[in-house]
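Chain by chain, the residues:
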Amino acid sequence: MSAQIIDGRAIAGRIQGEIKASAGDFLEAAGASPGLGVVLAGDDAASAMYVRMKRRACERVGIVSEARLLPSSASQREVEDAVRGFNEDPAIHGILVQLPLPDQIDEEAVLNEISLGKDVDGIHPMNLGKLGMRGREPTFTPATPTGAMILIEETGQTIEGARAVVVGRSNIVGLPVALMLANANATVTICHSRTRDLAGQVGNADIVVAAVGRPEYVKGAWLKPGAIVIDVGSNSVDDPASEKGYRYVGDVEFATARERAGFITKVPGGVGPMTITMLLQNTLKAAWRSVVA
Ligand code: NDP
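Quick caveat, the model's predicted, so the values are computed rather than measured.

Novice: Which residues make up the site of the ligand, and what values do they have?
Specialist: Among the 21 residues in the neighbourhood of the ligand, the closest are listed as Arg169, Ser170, Ser193, Tyr217 and Thr275. Ser193 places a side-chain nitrogen or oxygen 2.5 Å from an oxygen atom of the ligand. For the ligand, the protein covers 71% of the area, taking 940 Å² as the surface of the free molecule. Its residues assigned to classes, the shell around the ligand comprises seven nonpolar, eleven polar and three charged.

As structure tokens, then:
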């Protein structure tokens, strides 16, 4: 049996339609469009591409985006000043600092500078901390994990009581998605590079979220038949047959996994479009909060 594909592109398209309508209402109510400020430091090609994709997505839904582009030699002060400038700008409702920052920059200090009400990436330590605490509501939840959760919900399967395995424990993906699954009452196991018997752990899971950063690392043969598989991975691999000479694959071995899973996302076309969409949604949320506050 072949798994049902969870079509991230279609789901993201639908949500972006709703965002566009609400951004139009915001323009009418506030006399200005919602605004996203982006800080990009350095010349990492992938980061520059993500920033371009985010700018185009903003244009599509009626959000104004403004970028501060800094050289790879930028100082701590310059990067923090860029963030502070956006904090003080009333036309900017959300701030995104594109990671990774150049080596000489203290990332945590920069993220700490983002005003909580504008942390549309949801990665301020305070927002992450609240995500992990019972009875606390973060101002924003991080984009990729929020998108992954929506994709799981879209399957219509019950999360409560399900066994979930998250492979990866990074601050931006693995850890927050594990916390969100626990908040949705799944029983969560977090796996990482020191986990023993990863295949056995994955084999117990009704829901698998793979955020490892290794191409096709999670094998289809490991999966419990019928599992929901969310592949966060985005790895460029050589492909002489393709025009560009490379293609993107996920952290899950898709060809074998789709034969065993019940539901699965594709790469590209799964979590990626949702990440951008959640960023737009958080920016819109921040804009509306600024007028009702
Ligand atoms: P990180 O490199 O920060 O984290 C990777 C995690 O995987 C770590 O927790 C690491 O464990 C774990 N890991 C590494 N090797 C193994 C192994 N052999 N077995 C088990 N666990 C292992 O990556 P990110 O979380 O930032 O990203 C993960 C993936 O998601 C990447 O492919 C990235 O490109 C993609 N991504 C996609 C996004 C999208 O929008 N689609 C957005 C963000 C990321 P340990 O902690 O022990 O080192």
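Novice: Can you tell me about helix H7 (residues 174-183), naming the residues and giving the values?
Specialist: When we look at burial in H7, the residues that qualify are Gly174, Pro176, Val177, Ala178, Met180 and Leu181. Where H7 is buried, its residues contact helix H5 (125-131), helix H6 (143-154), strand E5 (163-167), strand E6 (187-191) and strand E7 (207-210). Immediately beyond the C-terminal end of H7, within one or two residues, lies Asn185, with a positive phi of roughly 70 degrees.

Novice: Describe in detail the packing of helix H1 (residues 8-30) against helix H10 (residues 271-292), supporting the description with residues and values.
Specialist: Direction vectors running N to C along H1 and H10 enclose 20 degrees, while the axes themselves pass 9 Å from each other. As far as their axial angle goes, H10 and H1 are roughly parallel. Here H1 and H10 pass one another in a crossing that is left-handed. Partitioning the contact of H1 with H10 into residue classes produces 16 nonpolar, five polar and two charged.

Novice: Give me the lowdown on the pattern of salt bridges, citing residues and values where you can.
Specialist: Inspection of every chain in the model, using the stated rule, returns eight salt bridges. In this structure, Arg68 and Glu66 form a salt bridge, with 3.1 Å as the shortest nitrogen-oxygen distance. The class of Arg68 is partly exposed, set by a relative accessible area of 32%. A salt bridge links Glu113 to Arg84; the nearest nitrogen and oxygen atoms lie 3.3 Å apart. Taken together, the residues Glu113 in helix H4 (residues 107-113) and Arg84 in helix H3 (residues 76-88) connect sequence positions 29 residues apart. Each of Arg77, Glu80, Asp81, Arg84 and Glu113 takes part in salt bridges that share partners, so that together they form one network.

Novice: Requested: an account of the sheet that holds strand E1 (residues 4-6), with residues and values cited.
Specialist: In sheet architecture, strand pairing relies on hydrogen bonds along the backbone and comes in two forms, parallel and antiparallel. The strand order across the open sheet formed by six strands is E1-E11-E8-E7-E5-E6, and the pairing between neighbours is parallel. Only two strands of the sheet have a single partner each, and these edge strands are E1 and E6. Each adjacent strand pair in this sheet contributes to an overall mean axis angle of 15 degrees, direction not counted. Here three bridges tie E1 to strand E11 (residues 263-265), and the two strands are oriented parallel to one another. The residue of E11 that forms the bridge with Ile5 is Ile264.

Novice: Any chance you could break down unusual backbone geometry for me, citing the residues and the numbers?
Specialist: That bond from Leu99 to Pro100 is cis: its omega, 0 degrees, falls within 30 degrees of zero. Residue Pro268 is bonded to the preceding Val267 through a cis peptide linkage, with omega at -5 degrees. If you trace the backbone, Pro268 turns up in the loop between E11 and H10. At Asp197, a residue that is not glycine, the phi angle is positive and equals roughly 55 degrees. Counting through the fold element by element, Asp197 comes out in the loop between E6 and helix H8 (198-203). Phi at Glu216 is positive, roughly 50 degrees, even though this residue is not glycine. Looking at the secondary structure, you find Glu216 in the loop between E7 and strand E8 (228-231). Overall, Glu216 belongs to the partly exposed group, its relative accessible area being 30%.

Definitions and cut-offs
The written sequence of each chain sets the order in which its residues are numbered from 1. Where totals are concerned, whole chains, interfaces and linings use all residues; where local detail is concerned, this predicted model gives features only for residues with pLDDT of at least 70, and gives and counts side-chain atom pairs only at 80 or more. Computation of side-chain values: all heavy atoms of the structure, hydrogens and water removed. Put simply, a residue is near a molecule or strand once any heavy atom of it comes within 4 Å of that molecule or strand. Any pair of N or O atoms that falls within 3.5 Å is considered a polar contact. Within protein, one atom must be able to donate a hydrogen and the other to accept it, and sequence-neighbouring residues count only if both atoms are side-chain atoms. With residues, only the protein chains shown are counted as cover, and all accessible areas are computed by Shrake-Rupley using a 1.4 Å probe. All amino acids are sorted into three groups, where Ala, Val, Leu, Ile, Met, Phe, Trp, Tyr, Cys and Pro are nonpolar, Asp, Glu, Lys and Arg are charged, and the leftover types, Gly among them, are polar. Three exposure classes are used, based on accessible area relative to the maximum for each residue type with a 1.4 Å probe and protein chains only: buried under 20%, partly exposed in between, and exposed over 50%. Helix and strand definitions here come from DSSP, where helices need a minimum of 4 consecutive H or I residues and strands a minimum of 2 consecutive E residues; each element is numbered from the N-terminal end. We call two residues in contact whenever any of their non-hydrogen atoms come within 4.5 Å of each other. Every angle, taken between N-to-C directions, lies between 0 and 180 degrees, and every axis is a line fitted to C-alpha atoms, over only the stretch in contact when it is a helix. In these notes the angle categories are as follows: under 35 degrees is roughly parallel, over 145 is roughly antiparallel, 65 to 115 is roughly perpendicular, and the rest is oblique. What makes a crossing left-handed is the near helix being turned counterclockwise from the far one by less than a right angle; a clockwise turn instead makes it right-handed. Counted as salt bridges are all cases of a side-chain nitrogen of Lys or Arg within 4 Å of a carboxyl oxygen of Asp or Glu. Any two strands with at least two DSSP bridges between them are considered paired.

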